[in-house]
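These are the residues of each chain, in order.
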Amino acid sequence: MRALVLAGGTGSRMRPLSHTRPKQLVPVAGRPVLEHVVRGVRELGVTDIGVITGDGADHVRNALGDGSGFGARLTYIHQSRPLGLADCVRAARDFLGGDAFVLCLGDNLLPSGFTELAEEFRLRRSDAHIAVQRVADPSAFGVVDMGEDGKVGGLVEKPTVPVSDWAIIGVYFFSPAIHEAVRAIEPSGRGELEITDAIQWLLEHGYGVSAGEYTGYWADVGRPDDVLRANRHLLGTLTRPALEGDVDPDSRLDGVVSLGEGARVIRSTVVGPVVIGPGTVVTDSVLGPGTSIGAHCSLNGADVADSVLMDGARIDGPAPLRRSVVGRESVVRSTRTAAPIGHRLVVGDHSRIETDS
């Protein structure tokens, strides 16, 4: 089996964080969402992974490399314009060859893994096997009409009147028959080649289509609020501290704290779960639960909780920072405790925010 991981698209819902890099590279619990996805694919034993890229191809390459760090071989496939998931399959035709493959959206987190779904695909010998989960508002998703035996009777993309509450959640397994389907379909009303249309084509032409329920935590990380929710969840699954940096005698660490190599905590209090990246320095600060801090950040006299700070971010001053996402190499500075600077703040890369009121 091979894998196709999608890391293109415009990421409009993630702006301003996606202005300078693909949304799939926004970090959650210390790692880019895309890296979580690739690691999930590796749990299946898959080593040949194709990565579909768009305008941010260089950023994706720099983040993932050649795949050797994951024990895999990565092949990058460029999609000049985001024309739909089925178009991604078309673009990857030569890479996929005649093998079965798993297709994963690079901004969807399924941290419990999907090895059981892969085994269902193998045992059923379906031509398409779709990961699904019950949702409260199916009209926002692709939806399947699924029988008790797991067989799919039909699919609808973002239906006005949903046929069920089974939403498609971003992991698909395909036999080579899908290539015939993506060649046969036409663009939808929004001008894209929909993977749901390709799967519906398989159904209408007698191919086997099934679905399996994913019962673990699932997050479509498409907006800054999604980043924070997913960050809280993944940090909450940490069970052991990991202290590779230095903590001085005047500091206090409570709960599960992960401290990267070369990181330093000086005269500060850290209440986990918290992840602090390599080379980051935390001085005279208080860090609360649900906080992820990237590499080579600087926090001076800061008060941060329930937030994500990306690599190179700098936080100076006592104004509380809560439920916020701060981009790479950005500066947030305050001089007074009461300054209303940091509730639900979303700061793009290389930005600067200061207040003295």
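Higher on the page you've got the structure.
Here the structure is a predicted model, which means the values were calculated and not measured.

Participant: Residues and numbers for the packing of aromatic side chains, please.
Facilitator: Inspection of every chain in the model, using the stated rule, returns five aromatic pairs. Ring centres 5.9 Å apart and planes at 10° place the aromatic pair Tyr 172 and Phe 174 in the stacked group. Among the residues examined, Tyr 172 registers a relative accessible area of 5% and is labelled buried. Taken together, the aromatic side chains of Phe 101, Tyr 172 and Phe 174 make up a single cluster linked through ring pairs. The side chain of Arg 2 reaches across the aromatic face of Phe 95, ending 5.0 Å from its centre.

Participant: An account of the sheet that holds strand E18 (residues 264–266) is requested, with residue identities and associated values reported.
Facilitator: Backbone hydrogen bonds are what pair the strands of a sheet, in a parallel or an antiparallel way. Strand order across the open sheet formed by seven strands is E15-E18-E21-E24-E27-E30-E33, with parallel pairing between neighbours. Unpaired on one side and paired on the other, strand E15 (246–247) and strand E33 (352–355) mark the two borders of the sheet. In the sheet, strand E27 (residues 314–316) pairs with strand E30 (residues 331–334) via three bridges, with the strands oriented parallel. Bridging across to E30, Asp 316 finds its partner in Arg 333.

Participant: How would you summarise the environment of Ser 268 if you had to cite specific residues and measurements?
Facilitator: Tracing the sequence through the fold places Ser 268 in the loop between E18 and strand E19 (269–271). Residue classification places Ser 268 among the buried residues on the basis of a relative accessible area of 2%. A C-alpha to C-alpha distance of 23 Å links Ser 268 and Gly 327, two positions 59 residues apart in sequence. Ignoring sequence-local partners within four residues, the contact set of Ser 268 consists of Asp 250, Ser 251, Arg 252, Val 282, Thr 283, Asp 284 and Ser 285. Within the structure, Ser 268 has its side chain in polar contact with the backbone nitrogen of Asp 284 (distance 3.0 Å).

Participant: Hey, could you go over the pattern of salt bridges for me, with residue numbers and the actual values?
Facilitator: Across all of its chains, the model carries 18 salt bridges by this definition. Notably, a salt bridge pairs Asp 48 with Arg 73, separated by 2.8 Å at the nearest N-O pair. Separated by 25 residues along the polypeptide, Asp 48 in strand E4 (residues 48–53) and Arg 73 in strand E5 (residues 73–78) bring together distant segments of the chain. According to the relative accessible area criterion, Arg 73 is partly exposed, its value standing at 49%. When the shortest N-O distance is used, the salt bridge between Arg 314 and Asp 316 registers 2.6 Å. Residue classification places Arg 314 among the partly exposed residues on the basis of a relative accessible area of 36%. By relative accessible area, which is 9% here, Asp 316 ends up buried. Each of Arg 31, Glu 35 and Arg 39 takes part in a single network of salt bridges with overlapping partners.

Participant: I'd like to hear about the sheet that holds strand E26 (residues 308–309), residue by residue, with values.
Facilitator: Ordered by their spatial adjacency, seven strands build an open sheet running E14-E17-E20-E23-E26-E29-E32, and the pairing between neighbours is parallel. Looking along the sheet, the strands with just one partner apiece sit at the ends: strand E14 (242–243) and strand E32 (346–347). Bridging between strand E20 (residues 274–276) and strand E23 (residues 291–293) involves three bridges; their strand directions are parallel. Bridge pairing links Val 275 to Ser 292 in E23. Strands in contact with helix H8 (residues 224–236) are E20, E23, E26, strand E29 (325–326) and E32; relative to E23, the strand with the most contacts, it is inclined by about 100°.

Participant: Can you lay out the nonpolar core for me, pointing to particular residues and giving the numbers?
Facilitator: Formed by 37 residues in total, the largest nonpolar core has its most connected members in Leu 4 and Ile 130. For this core, the element with the most residues is helix H7 (residues 195–204), which contributes five residues. Once you skip the residues sitting within four places of it in the chain, Leu 4 turns out to touch Gly 50, Ile 52, Ile 77, Cys 88, Val 89, Ala 92, Leu 96, Phe 101, Val 102, Leu 103 and Cys 104. Ranked by size, the runner-up nonpolar core spans 32 residues in total, among them Ala 3, Ile 49, Ala 72 and Leu 110.

Participant: Got a sec to walk through the environment of Val 26? Specific residues and values, please.
Facilitator: Along the chain, Val 26 falls in the loop between strand E1 (2–7) and strand E2 (27–28). Val 26 gets classed as buried once you look at its relative accessible area, which sits at 1%. Placed 200 residues apart in sequence, Val 26 and Asp 226 show a C-alpha to C-alpha distance of 11 Å.

Participant: With reference to specific residues and values, describe the packing of helix H6 (residues 177–184) against H7.
Facilitator: Packed helices, taken two at a time, are described by the angle their axes make and the gap between the axes. At their nearest, the axes of H6 and H7 sit 8 Å apart, and the two run at 110° to each other. The orientation of H6 with respect to H7, classified from their angle, is roughly perpendicular. The interaxial crossing formed by H6 with H7 has right-handed handedness. From H6, Ala 177, Ile 178, Glu 180, Ala 181, Val 182 and Ala 184 reach across to H7, where they touch Ala 198, Trp 201 and Leu 202. Looking at the contact of H6 with H7 residue by residue, the class counts come to eight nonpolar, no polar and one charged.

Participant: Could you give me a rundown of the environment of Ala 92, with the residues and numbers involved?
Facilitator: Note on placement: Ala 92 falls in the loop between helix H3 (85–91) and helix H4 (93–96). When the C-alpha positions of Ala 92 and Leu 4 are compared, they lie 7.9 Å apart, and in sequence the two are 88 residues distant. Excluding its chain neighbours within four sequence positions, the residues that come into contact with Ala 92 are Leu 4, Ile 52 and Ile 77.

How each quantity is defined
Every chain is numbered on its own, with residues counted from 1 as its sequence reads. Note on the predicted model: pLDDT of at least 70 is required for a residue's local features to be given, and 80 or more for side-chain atom pairs to be given and counted; whole-chain, interface and lining totals, by contrast, use all residues. Heavy atoms throughout the structure, all of them, feed into the side-chain values; hydrogens and water do not. Only Phe, Tyr and Trp rings are paired, with Trp represented by its six-membered ring, and only when their centres lie within 6.5 Å; those with planes under 30 degrees apart are stacked, over 60 edge-to-face, the remainder tilted. Each residue is assigned to one of three classes by its accessible area relative to the maximum for its type, calculated with a 1.4 Å probe on protein chains only: buried under 20%, partly exposed between the two thresholds, exposed over 50%. The rule is short: NZ of Lys or CZ of Arg within 6 Å of the ring centre and within 35 degrees of the ring normal puts a charge over the ring. Two strands pair if DSSP finds at least two bridges between them. Runs of H or I in DSSP of at least four residues are treated as helices and runs of E of at least two as strands, each being numbered from the N terminus. Pairs of residues are marked as contacts when any of their non-hydrogen atoms sit within 4.5 Å. Nitrogen and oxygen atoms within 3.5 Å of one another constitute a polar contact, given that in protein one can donate a hydrogen and the other can accept it, and given that sequence-neighbouring residues count only through two side-chain atoms. Here a salt bridge means any side-chain nitrogen of Lys or Arg lying within 4 Å of a carboxyl oxygen belonging to Asp or Glu. Angles here are taken between N-to-C directions and fall from 0 to 180 degrees, while the axes themselves are lines fitted to C-alpha atoms, restricted in helices to the stretch in contact. Remark: nonpolar core denotes a set of buried residues (Ala, Val, Leu, Ile, Met, Phe, Trp, Tyr, Cys) joined through side-chain atoms within 4.5 Å. Orientation labels follow simple angle bins: below 35 degrees gives roughly parallel, above 145 gives roughly antiparallel, 65 to 115 gives roughly perpendicular, and whatever is left gives oblique. Here a crossing is called left-handed whenever its near helix is offset anticlockwise from the far helix by less than a right angle, and right-handed whenever the offset is clockwise. Nonpolar residues are Ala, Val, Leu, Ile, Met, Phe, Trp, Tyr, Cys and Pro. Charged residues are Asp, Glu, Lys and Arg, and all others, Gly as well, are polar.

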